[in-house]
Amino acid sequence: MATNAELAAKLLRAASNFFRAVGQQNPELHDQMNTNADACDMIADRVEVDPLGSPAEDEADVSPELLN
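This structure is a prediction, so every number in the text was calculated from the model and none was measured.

Observations regarding the overall build of the chain
Along its length, the chain carries 3 helices and 0 strands. The order of helices and strands in the chain, counted from the N terminus, is α-α-α. For the chain, with 68 residues in total, the buried portion stands at 16%. Counted over contacts in the chain with a minimum sequence separation of 6, partners at least 24 positions apart contribute 43%. Carbon and sulfur atoms provide 56% of the accessible area of the chain, an area that totals close to 5100 Å².

Take a look at the structure:
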């Protein structure tokens, strides 16, 4: 049976795929959708590696919105 972290990572990856598909269909949204997709992929990676970890507030690759 899958853990909550595994399910969360799968959901984040599905969201990433959705954002990328929306961006491909809507050129005016492409950059924002890719940013959203990249954020989902990054957090999915982190959840898989360290499910209970938390990002440092000074990490450059984390959007400030995700830290709050």
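Still to come is the rest of the account.
Thoughts on the pattern of salt bridges
Scanning the entire structure with this criterion turns up 5 salt bridges. Of the charged contacts, one joins R13 and D41 as a salt bridge, the two residues approaching to 3.9 Å between their closest N and O atoms. Of this pair, R13 sits in helix α1 (residues 4–25) while D41 is found in helix α2 (residues 30–49), placing the two residues 28 residues apart along the sequence. A salt bridge links D41 to R20; the nearest nitrogen and oxygen atoms lie 2.8 Å apart. Of the two residues, D41 is situated in helix α2 and R20 in helix α1; the sequence distance between them amounts to 21 residues.

A word on the side chain of S16
Mapped onto the fold, S16 is located in helix α1. On the basis of relative accessible area, S16 is assigned to the buried category, the value being 1%.

Quick word on the packing of α1 against α2
Working note: a packed helix pair is described by the angle between its axes plus the distance between those axes. Relative orientation of the contacting elements α1 and α2 amounts to 165°, with a least axis distance of 8 Å. Here α1 is positioned roughly antiparallel relative to α2, judged by the angle of their axes. Of the two elements, α1 crosses α2, and the hand of that crossing is left-handed. The class makeup of the residues in the contact of α1 with α2 is 13 nonpolar, 5 polar and 6 charged.

The rules behind these values
Residues numbered from 1 in each chain as written. Predicted model: local features only at pLDDT ≥ 70, side-chain atom pairs only at ≥ 80, totals over all residues. Heavy atoms only, no water. Helix = DSSP H or I, 4+ residues; strand = E, 2+ residues; numbered from the N terminus. Buried < 20%, exposed > 50% of the residue type's maximum accessible area, 1.4 Å probe, protein only. Contact = heavy atoms within 4.5 Å. Areas by Shrake-Rupley, 256 points an atom, 1.4 Å probe, with all protein chains shown as cover. Salt bridge = Lys/Arg side-chain N within 4 Å of Asp/Glu carboxyl O. Axes fitted to C-alpha atoms, helices over the stretch in contact; angles between N-to-C directions. Parallel < 35°, antiparallel > 145°, perpendicular 65-115°, else oblique. Left-handed = near helix turned anticlockwise from the far one by under 90°. Nonpolar A, V, L, I, M, F, W, Y, C, P; charged D, E, K, R; others polar.

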